[in-house]
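Here is what each chain is made of, one letter per residue.
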2 protein chains.
Amino acid sequence: MLHRKGILMKLYAEMTVEELTQEISKLKKEYKIMQAKGMNLDMSRGKPCQDQLDLSMGMMDVLSSSSDLHCEEGMDCRNYGALTGIKEARELLGDMMENNPKDIIIYGNSSLNVMFDTLGRSWAHGVMGNTPWCRLPKVKFLCPVPGYDRHFAMTEYFGIEMIPVPMTPDGPDMDIVEKLVAEDDAIKGIWCVPKYSNPMGTSYSDATVRRFARLKPAAPDFRIYWDNAYGVHHLYDDHQDYLIEILAECKRAGNPDLVYKFSSTSKITFPGSGIAALATSPNNMTDCLAQLRFQTIGHDKVNQLRHVRFFKNIHGIVEHMRKHADIIRPKFELVENILDEDLGGLGIGTWTKPLGGYFILFDSLPGCAKDIVDRAKKAGVTMTPAGATWPYGKDLNDSNIRIAPTFPSLDELEKAMRVFTICVRIASAKRCLALKEGQ
Amino acid sequence: MLHRKGILMKLYAEMTVEELTQEISKLKKEYKIMQAKGMNLDMSRGKPCQDQLDLSMGMMDVLSSSSDLHCEEGMDCRNYGALTGIKEARELLGDMMENNPKDIIIYGNSSLNVMFDTLGRSWAHGVMGNTPWCRLPKVKFLCPVPGYDRHFAMTEYFGIEMIPVPMTPDGPDMDIVEKLVAEDDAIKGIWCVPKYSNPMGTSYSDATVRRFARLKPAAPDFRIYWDNAYGVHHLYDDHQDYLIEILAECKRAGNPDLVYKFSSTSKITFPGSGIAALATSPNNMTDCLAQLRFQTIGHDKVNQLRHVRFFKNIHGIVEHMRKHADIIRPKFELVENILDEDLGGLGIGTWTKPLGGYFILFDSLPGCAKDIVDRAKKAGVTMTPAGATWPYGKDLNDSNIRIAPTFPSLDELEKAMRVFTICVRIASAKRCLALKEGQ
């Protein structure tokens, strides 16, 4: 039992039917008052806020009509060419991704698109000479849950069967991953957001990364889809997660071709107007380029140049990310404080306290997530749909709720979170009451 | 018989063995002299030259750090969203493509990529509910020849069988097209560059477009791949080709879903840093968006805004294209003049005199194209490989040579063309001699 604002807190599970009924009645009054305010707040997507976007406005000035738009190797970036990207962009993103620039292809404006392309190529043409997936009776992917809804959506679009694998605080449950990939050659991939993961915000442990690099998949065309979307997206200067670099670890483990690694500057500069990249082994790269040369003559080199001239080098990116952190750190802390304040000691939910990334994961009592999100919606607060963090949108426990605190202002965020916690309490109290009443 | 520089010209075909032998000997001396100059000139690709690229440098100034990057509908172009593109970009490209903005999706930097995506989607997911092509025993495409090598290359990459259809001065031979699509439901598409076509530079006649819109394909998922790459790329102000707008014509003909129309600003602003677009019927668009929403959150809206703010409207594009024409028209005229001057009256080749686009097609005597291109290469002049204008790189007549006059300077172009015409004359004389000698 805890005290909150001087009031003795009691675990909902320990409340009597009478206490729960009273609590619900009191909360519903609070809810009605909030609902009457006619709010329209959105915590559903991991979008940067305007202040964050303003940080990159200088990028609009680095190229002008008097600029020389030749890249270091002498190519005119305004004309066709450079299928793998310009050298200085590969170097900058190489430093950012901790990979050899030679192992990097710079793509267009979205890493999601690169992932889709990778699935599409494997589907139509196969991976490194293996049977195209479209010719196989069954293709499966492992999907650590909770995970990123857009990964799952594109996988489902290709008709790939998705197998949920539970996440632990150290990353996906590797006992399960190792077993499944070793025994089923229909399993062709696994989705990973290894650092400040979407939606937990936690990072894979060294042991997990080591085990990934040492997987012994039955399928020769099994690949790890390593979406390192938040590699430099720290919230704190002095307290950061470090991840073992997966390409290097795979190489050391004698499995150099095991991984595709994706990244982009979407949440560094402008989402939709950044540059994306793939890092992978020379064999995989040859395989990718065999498609890419038919697909395009080259990606947007002027935008590559713009990014390089804006950041200059990796230190420029790090300094820039520090400014992002200064804007969004208070939002993460606000969410955590409100969750502590409003829900601490009630035993009706747990939540992560990430050191980076874009999300906080709230885990409600089983069977409450959908109810909570629906209630919030009816009070004008849009959360990521319950279930979105699971393949096919089906959270078996109905407990994961992804909180995206970056986009709203602090003021809006506080309002939205107060609505959210009331909704959590109502849904949880109702759930506890139903259990007590044996329904 | 004609006179050239006061010398009586004689058709090679009418020359005696002796005359031909003499001619070859004389030409080889000229060739040696040219070869000794150690030239390194490239007429292989349709690339804009630096002066053309300079025309768009103003585009680097229209957005600055003090710009408001919201689009007309109020969306912040720096953030995620706008899957089909921002309204003003759809309007601008709508005016350029002569289509309703609502029928347009703005994509990324390359229409080639949009075409590849369209093939990929049809392959993996099927067209409007029809069987995905990957599940069919055979998929075929009609390929008007001569045509665009990159179309053929991506078609081959998907393992689609390509059937050449002869081009006439009015466009593809529609008798053949109508017959083939009506009788074979494995034929799923036809590649068209309808205006200032690659490589002939000619445009489809009204009758041809009308017949296209009235095709009765056996396959319900047959589509016309209408790559209108040179829609606004006129060389002359007062003498331009007009094309019946295909989407409208298909709608009038009761075949609204028959066509995918592609375009981009690649040869208007910067190749690789432009914006591409697809125009198609609402049904086809729904089908495209069903994939696109998994593929990306949106294309580069900042670049869309940059284009709109630079051109303002379609008149801005037209004025801009006039400047392009002023730069490249003299190059086209130079090529035509040199061909007239060096080859006129010899009966060893014909060539097109286009009113727009990026190419001139030279047709040699049958069996000479490869020899000509090889000889030019050995004298330091790179042409598009012979055969490139045909599926599988195999020109059945070995006679098409694509000339791309835009990239070299006038001075370089003259040098390159003089080498070219000498090579044409040597190869042709040798061919005529071989025929005379009965080899």
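Scroll up to find the structure this text is about.
Residues numbered from 1 in each chain as written. Chains lettered and ligands numbered in written order. Predicted model: local features only at pLDDT ≥ 70, side-chain atom pairs only at ≥ 80, totals over all residues.

Quick notes on the sheet that holds strand β12 (residues 349–351) of chain A
Residue and element names in this part refer to chain A. Overall, antiparallel pairing links the three strands, which are arranged β12-β13-β15 in an open sheet. Strand pairing shows two members of the sheet lacking a second neighbour, β12 and β15 (400–403), which therefore form its edges. Direction aside, the axes of adjacent strands within the sheet are offset by 20° on average. Pairing analysis gives four bridges linking strand β13 (residues 360–364) to β15, with the strands arranged antiparallel. Of the residues in β15, the one forming a bridge with Leu-361 is Arg-402. Here helix α12 (residues 369–378) sits on the sheet in contact with β13 and β15, set at roughly 40° to β15. (Pairing = 2+ DSSP bridges. Helix = DSSP H or I, 4+ residues; strand = E, 2+ residues; numbered from the N terminus. Axes fitted to C-alpha atoms, helices over the stretch in contact; angles between N-to-C directions. Contact = placed C-beta atoms within 7 Å.)

Some details on the pairing of strand β6 (residues 161–168) of chain A
Residue and element names in this part refer to chain A. Here strand β5 (residues 140–145) runs beside β6; their pairing, made up of six bridges, is parallel. Looking at the pairing, Phe-141 lines up with Met-162 of β6. What joins β5 to β6 is helix α5 (residues 149–157), and the crossover it makes is right-handed. Where β6 meets strand β7 (residues 171–172), two bridges bridge the pair, whose relative direction is antiparallel. By the bridge assignment, Met-167 is partnered in β7 with Pro-172. Between the end of β6 and the start of β7, which pair antiparallel, lie two residues. (Right-handed = clockwise from strand over helix to strand, strands pointing away.)

Some thoughts on the environment of Val-62 of chain B
All names here are of chain B. Within the secondary structure, Val-62 sits in the loop between α2 (50–54) and α3 (87–97). Sequence separation between Val-62 and Phe-262 is 200 residues, and the spatial gap between their C-alpha atoms is 26 Å. Among residues more than four places away in sequence, those in contact with Val-62 are Arg-306, Arg-309 and Phe-310.

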